[in-house]
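As a plain string of letters, each chain reads:
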Amino acid sequence: MADILFKTDDYIFSYRVGGVLIHNGKVLMQNAEGDDGYAFIGGHVAFGETTDETLVREFKEEIGAD
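Everything quoted here is computed from the prediction, not taken from an experiment. (Residues numbered from 1 in each chain as written. Predicted model: local features only at pLDDT ≥ 70, side-chain atom pairs only at ≥ 80, totals over all residues. Heavy atoms only, no water.)

Chemist: I'd like a rundown of the confidence of the model for the chain, residues and numbers included.
Modeler: Should pLDDT be low for a region, the predicted coordinates there are not to be read in detail. Residues of the chain with pLDDT of at least 70 account for 100%, and the chain-wide mean is 89. Mean pLDDT in the chain bottoms out at strand 6 (residues 30–31), which sits at 83, and peaks at strand 3 (residues 16–19), which reaches 93. (pLDDT = per-residue confidence, 0-100. Helix = DSSP H or I, 4+ residues; strand = E, 2+ residues; numbered from the N terminus.)

Rendered as structure tokens:
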């Protein structure tokens, strides 16, 4: 599927979502690509995909969990 992305001469809009998983009072984060920091799990929303479906897919891709 294609990502939802709008481009004009002045800007680019990329529809993305991020999720927070809290378990036993701890927040799950991942190493940010190309950075020394951390990021929440998430990614681009594909055309025809809901935000919930995107988060489920991203959690499966990134950590192998639903």
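Once the structure has been displayed, the description carries forward.
Chemist: A description of the pairing of strand 3 should follow, citing residues and the corresponding values.
Modeler: The side chains of a regular strand alternate between the sheet's two faces. Burial along strand 3 is one-sided: the residues Val17 and Gly19 are buried and none of Arg16 and Gly18 is. Here strand 3 pairs with strand 8 (residues 41–44) via four bridges, running antiparallel. For Val17, the partnering residue across the bridge sits in strand 8 and is Gly43. (Buried < 20%, exposed > 50% of the residue type's maximum accessible area, 1.4 Å probe, protein only. Pairing = 2+ DSSP bridges.)

Chemist: Describe the environment of Ala65, naming the residues involved and giving the relevant values.
Modeler: Relative to the assigned elements, Ala65 resides in the segment after helix 1 (51–63). A residue is classified by how much of its surface remains accessible, and Ala65, at 29% relative accessible area, is partly exposed.

Chemist: Break down the pattern of salt bridges for me, with residues and values.
Modeler: In total, this model carries three salt bridges according to the counting rule given. Among the salt bridges present, the one from Arg57 reaches Glu49, with a minimum N-O distance of 2.9 Å. Given the relative accessible area of 25%, Arg57 is considered partly exposed. When the shortest N-O distance is used, the salt bridge between Arg57 and Glu58 registers 3.0 Å. Classification of Glu58 as buried rests on a relative accessible area of 6%. What emerges from the salt-bridge pattern is a single network uniting Glu49, Arg57, Glu58 and Glu61. (Salt bridge = Lys/Arg side-chain N within 4 Å of Asp/Glu carboxyl O.)

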